[in-house]
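For reference, the chains in residue letters:
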Protein chains: 4
Amino acid sequence: MQRALNEKAKDKRKSHVLKCAEQIIQEKGLENLSIASVAKKANLAVGTIYLYFPNKEDIIAHLAIKSRKVLLQEFQASTVHLEDSLEKIRGILLAYLDFCKKYTFYYELVSFYESGLGLEESKELLEASKKLTAFTANIIREGKEQGTIRREINEKEFAFLLWGTAVGIAQLIHVKPTLLSAELEKDNDHFYFSYINLIIKSLSY
Amino acid sequence: MQRALNEKAKDKRKSHVLKCAEQIIQEKGLENLSIASVAKKANLAVGTIYLYFPNKEDIIAHLAIKSRKVLLQEFQASTVHLEDSLEKIRGILLAYLDFCKKYTFYYELVSFYESGLGLEESKELLEASKKLTAFTANIIREGKEQGTIRREINEKEFAFLLWGTAVGIAQLIHVKPTLLSAELEKDNDHFYFSYINLIIKSLSY
Amino acid sequence: MQRALNEKAKDKRKSHVLKCAEQIIQEKGLENLSIASVAKKANLAVGTIYLYFPNKEDIIAHLAIKSRKVLLQEFQASTVHLEDSLEKIRGILLAYLDFCKKYTFYYELVSFYESGLGLEESKELLEASKKLTAFTANIIREGKEQGTIRREINEKEFAFLLWGTAVGIAQLIHVKPTLLSAELEKDNDHFYFSYINLIIKSLSY
Amino acid sequence: MQRALNEKAKDKRKSHVLKCAEQIIQEKGLENLSIASVAKKANLAVGTIYLYFPNKEDIIAHLAIKSRKVLLQEFQASTVHLEDSLEKIRGILLAYLDFCKKYTFYYELVSFYESGLGLEESKELLEASKKLTAFTANIIREGKEQGTIRREINEKEFAFLLWGTAVGIAQLIHVKPTLLSAELEKDNDHFYFSYINLIIKSLSY
DNA sequence: TATGAATGAGGATTCATTCAT
DNA sequence: GATGAATGAATCCTCATTCAT
């Protein structure tokens with residue numbers, strides 16, 4: 001009991017630290033995330049951060065996990081009221097666009113996936129990612145049953161295709177927004193909508 | 001008399017340094033690229049590097065430019081013998097796959113696009129990037145004239161869609177190769193082929 | 001629990017670092033003052049220095065401020081027991097001579113006045129300097145009231161004249177002491193006394 | 001004969017290099033004087049500079065010597081048409097003011113006097129300095145003979161007093177020009193004129 | 001648990017000087 | 001004589017991590 005309570009308190013602190021780290025990244029980018037800056041924002045001492053996280057990498061890993069969990073929730077929220085599977089796909093892609101706008105730093109955490117994380121962390125990150133692709137794969141399976149999505153599509157594979165391409169497009173928008181809107185003579189949301197249509201079209205008969 | 005190294009010789013040295021920097025990135029990633037490591041690999045003193053490049057950023061910019069130039073050449077080589085536009089699209093996507101295998105670090109240079117580079121370098125990088133998208137856009141225009149690619153497609157926009165999604169897919173393969181092949185129960189080339197088909201399908205009638 | 005070093009303790013550390021920096025300058029001159037040398041003399045790590053000072057310039061600024069504060073104290077101490085204004089002028093000039101012997105590096109900090117210091121420091125340095133000239137100007141004003149100093153003298157201006165010439169003479173003594181004593185066939189204190197007489201004479205009726 | 005010609009040519013080169021070094025200092029200050037910058041301005045290779053000067057310090061020493069020689073010439077030019085000794089003193093102090101305006105970097109070379117120069121250079125620098133003080137001392141001696149300057153003044157000593165105070169005042173003006181004019185509510189030339197009057201007064205009966 | 005002072009390796013960049021040609 | 005490429009020590013500064021309290 002006592003222990004459980006401690007665990008809870010500990011988790012609260014951990015998520016507080018993570019929230020602060022998130023803010024730092026939002027404000028100054030991943031490469032400017034320093035333990036000192038997190039400690040300052042969290043009103044904690046540097047050493048205290050290390051009571052909750054073994055190292056900086058671990059914080060980033062937790063952030064990556066957390067962001068995937070949040071994203072999953074937004075996927076669910078954005079599809080719960082929809083029937084049509086293609087509309088659900090559109091829903092999660094729009095949710096992802098919103099997510100990227102809100103967490104502009106997110107794309108920086110994607111490439112962090114590989115780093116030498118502790119096994120435990122790595123597993124959790126894996127789980128969170130798998131849930132995301134599983135969620136997508138499930139929509140596709142439903143669509144195939146509904147008859148709105150082509151039967152020959154491999155659900156899991158397409159889920160990864162969707163994940164990979166969406167991240168790529170978001171990154172492109174993030175990294176060269178002005179070039180993009182200048183070249184295409186339309187705003188970047190429109191560009192993203194075109195991407196959604198590309199995906200929808202490739203799913204449809 | 002130690003004559004002024006003619007431009008050719010100087011360029012050779014520069015290329016040598018760039019090649020070494022490339023190797024470092026391949027081995028240890030962009031964030032572990034240090035001037036000292038480049039110097040060591042190039043068998044040069046630290047100061048010598050600065051004889052050829054004003055700063056580290058400039059080296060990265062040159063690498064980004066170089067990679068785009070090489071990529072353009074490979075795009076050209078992979079399409080020169082083809083007639084059908086859709087086949088040409090397949091050609092460049094396959095060329096990009098080969099390119100990514102050869103330059104596994106490449107995706108790290110993509111996000112470097114924006115950084116505060118010197119104007120000249122920045123311009124050159126922009127040019128190199130534009131040539132890549134222009135090359136793709138041109139194939140699509142041809143395809144529309146040939147009647148093999150849907151007329152309602154915006155060439156330039158699709159070129160960016162292709163670029164963004166291809167980078168995303170390559171990154172996904174690079175960052176979690178084992179997860180991917182385990183989950184999909186096939187090798188990652190097959191996954192990439194599915195991506196190509198997705199693109200081809202979305203271009204076709 | 002390692003409590004927050006209270007301000008006093010922190011100030012003690014800062015003073016210690018400053019004292020070490022002073023010694024370095026004494027021994028090797030301002031242009032040979034390096035953070036590494038300070039750290040070594042202070043038995044601290046390089047990074048520790050940066051815990052107390054944001055950068056090297058700030059250390060120099062503090063030294064400049066400190067030296068002016070010390071000088072002001074010595075001005076006060078050397079005049080507190082005197083009545084006659086001209087004697088007070090003689091007093092501060094003698095105090096300055098002692099000061100220069102003790103802090104032989106001082107003249108190097110004079111020309112540092114202008115550098116791009118942080119606003120706060122710069123302001124404090126300005127204040128410290130102004131207090132010095134104000135102190136001198138005040139003595140002159142008193143002397144004019146007493147009738148010992150010529151009424152047509154502009155107090156502030158003369159304070160600056162005194163400051164400028166005293167620094168110049170001290171510098172001359174510092175930079176070519178042997179030449180000076182050899183040429184003049186007397187020791188450099190006598191030379192300085194002549195300087196004092198020059199000033200006194202120009203103040204008197 | 002051949003040798004003499006070579007010597008002449010060599011001297012020409014040397015003074016060309018010195019002139020370029022002077023310009024660099026004028027433009028960017030003594031601490032930004034680099035051999036590379038001198039070489040560039042002189043249209044010479046770095047190594048060539050070292051054919052004429054054993055090291056950077058030597059260049060600076062030559063500059064110090066040269067500036068004193070130029071100053072001596074200007075002292076002579078500014079007094080040649082004058083009879084009265086006090087006017088001559090005023091003349092050389094005005095000449096010094098002009099000199100400082102023209103060679104704004106000059107004060108930086110003063111404190112370089114002491115550095116570990118080669119004996120030969122050091123001796124030449126000494127000679128040049130001595131000529132300056134001798135010139136001043138001579139004027140004072142004349143004045144004493146004329147009856148315009150107080151007989152009890154030690155000529156040589158006063159020459160050094162003049163040199164030391166003039167440098168100090170010039171330095172003060174150079175280092176905090178805005179502070180000075182703001183505090184005194186007059187321009188810095190006026191401040192310098194007050195300095196001249198101080199000197200004249202202390203020389204007169 | 002919590003603190004935050006201390007560490008010190010590591011990174012980018014500069015520049016006087018040398019030396020092979 | 002002349003060149004200029006090459007050197008590498010030196011400098012400032014950062015920051016993840018540790019540890020005594």
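Residues numbered from 1 in each chain as written. Chains lettered and ligands numbered in written order. Predicted model: local features only at pLDDT ≥ 70, side-chain atom pairs only at ≥ 80, totals over all residues. Heavy atoms only, no water.

Engineer: Which residues make up the relation of the copies chain B and chain A, and what are the values?
Structural biologist: Rotating chain B by 177° and moving it 0.1 Å along the rotation axis overlays it on chain A with an RMSD of 0.8 Å. One copy is carried onto the other by what is essentially a two-fold rotation axis. (Least-squares fit on C-alpha atoms with pLDDT ≥ 70 in both.)

Engineer: Residue-level account of the protein's contact with DNA strand F, with values.
Structural biologist: Around DNA strand F, a shell composed of 36 residues is seen, among which B:Arg13, B:Thr48, B:Tyr52, C:Lys56 and D:Thr48 lie nearest. Each atom of DNA strand F within 4 Å of the protein was classed as base or backbone; sugar and phosphate made up 59%. Between DNA strand F and A:Ile35 there is a distance of 2.9 Å, counted from a phosphate oxygen to a backbone nitrogen or oxygen. Here a base nitrogen of DNA strand F and a backbone polar atom of D:Gly47 are 2.9 Å apart. Where the surface near DNA strand F is concerned, the elements lending two or more residues are helix H3 (46-52) of chain A, helix H3 (46-52) of chain B, helix H3 (46-52) of chain C together with helix H3 (46-52) of chain D. Of the residues forming the surface near DNA strand F, the biggest block, 5 residues, is contributed by H3(D). (Near = heavy atom within 4 Å. Polar contact = N/O pair within 3.5 Å; in protein donor to acceptor, adjacent residues only side chain to side chain. Helix = DSSP H or I, 4+ residues; strand = E, 2+ residues; numbered from the N terminus.)

Engineer: So what's going on with the environment of D:Gly29? Residues and values would help.
Structural biologist: All names here are of chain D. Within the secondary structure, Gly29 is located in the loop between helix H1 (2-28) and helix H2 (35-41). In this structure Gly29 comes out as buried when scored by relative accessible area, which is 13%. With 97 residues separating them along the chain, Gly29 and Leu126 place their C-alpha atoms 24 Å apart. Here Gly29 is in contact with Ile24 and Glu108, once residues within four sequence places are set aside. (Buried < 20%, exposed > 50% of the residue type's maximum accessible area, 1.4 Å probe, protein only. Contact = heavy atoms within 4.5 Å.)

Engineer: Residues and numbers for unusual backbone geometry, please.
Structural biologist: Residue and element names in this part refer to chain C. Located in the positive-phi region is Asn43, a residue other than glycine, with phi close to 55°. On the secondary structure map, Asn43 appears in the loop between helix H2 (35-41) and H3. The phi dihedral of Glu185 falls on the positive side, at around 55°, and the residue is not glycine. Assignment of secondary structure puts Glu185 in the loop between helix H9 (177-184) and helix H10 (188-203).

Engineer: Give a description of the interface of chain D and chain C that names residues and reports values.
Structural biologist: Between chain D and chain C, the contact holds 38 residues from the first and 37 residues from the second. Taken over both partners, the interface formed by chain D and chain C buries close to 3,500 Å², and the fraction arising from carbon and sulfur atoms is 68%. If you look at where chain D meets chain C, you find 6 salt bridges. Across the pair C:Lys156 and D:Glu183 runs a salt bridge whose closest N-O atoms are separated by 3.2 Å. At the surface where chain D touches chain C, the tally comes to 9 residue pairs in polar contact (both at pLDDT 80 or more). Of all elements in the fold, only helix H6 (106-110), helix H7 (119-146), helix H8 (155-175), helix H9 (177-184) and helix H10 (188-203) of chain D reach the threshold of two or more residues within the side of chain D that touches chain C. The dominant element in the side of chain D that touches chain C, judged by the number of residues it contributes, is H8(D), at 13 residues. Here the side of chain D that touches chain C is built from residues that sort into 18 nonpolar, 11 polar and 9 charged. (Buried area = accessible area lost by both parts, 1.4 Å probe. Salt bridge = Lys/Arg side-chain N within 4 Å of Asp/Glu carboxyl O. Nonpolar A, V, L, I, M, F, W, Y, C, P; charged D, E, K, R; others polar.)

Engineer: Can you lay out the side chain of A:Ser85 for me, pointing to particular residues and giving the numbers?
Structural biologist: Residue and element names in this part refer to chain A. Tracing the backbone shows Ser85 in helix H5 (residues 85-102). Residue Ser85 is classed as buried on the basis of its relative accessible area, which comes to 0%. At 3.0 Å, the side chain of Ser85 and the side chain of Gln146 are in polar contact. Other than its neighbours up to four places away in sequence, Ser85 contacts Ile139, Glu142, Gly143, Gln146, Thr148 and Ile149.

Engineer: Which residues make up the arrangement of the chains, and what values do they have?
Structural biologist: The two units chain B and chain C never meet; even their closest C-alpha atoms stay 21 Å apart. Taking C-alpha atoms as the reference, chain A and chain D come no closer than 32 Å and do not contact one another.

Engineer: Requested: an account of helix H8 (residues 155-175) of chain B, with residues and values cited.
Structural biologist: With 21 residues, H8(B) ought to run about 30 Å at 1.5 Å a step, and its terminal C-alpha atoms sit 30 Å apart, in line with that. The buried count for H8(B) comes to 18 of 21 residues, which makes it a mostly enclosed element. (Expected span 1.5 Å × (residues − 1).)

Engineer: Lay out helix H10 (residues 188-203) of chain B with the relevant residues and their values.
Structural biologist: Residue and element names in this part refer to chain B. Spanning 16 residues, H10 covers 23 Å between terminal C-alpha atoms, matching the ideal 22 Å at 1.5 Å per step. Regarding H10, the residues found buried are Asn188, Phe191, Tyr192, Ser194, Tyr195, Ile196, Leu198, Ile199, Ile200, Ser202 and Leu203. Capping the start of H10, Asp187 holds a side-chain oxygen 2.8 Å from the backbone nitrogen of Asp189, two or three residues further along.

Engineer: Lay out the protein's contact with DNA strand E with the relevant residues and their values.
Structural biologist: By nearness alone, 36 residues border DNA strand E, and A:Thr48, A:Tyr52, C:Arg13, C:Thr48 and C:Tyr52 come closest of all. Taking all atoms of DNA strand E within 4 Å of the protein, the share assigned to sugar and phosphate is 59%. Measuring from a phosphate oxygen of DNA strand E, one finds a side-chain N or O atom of A:Thr48 at 2.6 Å. At the level of elements, H3 of chain A, H3 of chain B, H3 of chain C together with H3 of chain D are the ones that each hand at least two residues to the surface near DNA strand E. Of the residues forming the surface near DNA strand E, the biggest block, 5 residues, is contributed by H3(A). Broken down by class, the residue content of the surface near DNA strand E amounts to 21 nonpolar, 11 polar and 4 charged.

Engineer: Please provide a residue-by-residue account of the domain arrangement of chain A, values included.
Structural biologist: All names here are of chain A. On domain assignment, one finds that chain A holds domain 1 (1-53) and domain 2 (61-203). Inter-centroid distance (C-alpha atoms) of domain 1 to domain 2 is 27 Å. Taken together, the contacts link 11 residues of domain 1 with 9 residues of domain 2. A combined buried area of about 940 Å² lies between domain 1 and domain 2, and 62% of that area is made up of carbon and sulfur atoms. Along the contact surface separating domain 1 from domain 2 lie 1 salt bridge. The shortest N-O distance in the salt bridge between Lys66 and Glu22 comes to 2.8 Å. Across the domain 1-domain 2 interface, the total number found is 3 residue pairs in polar contact (both at pLDDT 80 or more). (Domains from an automatic or database assignment.)

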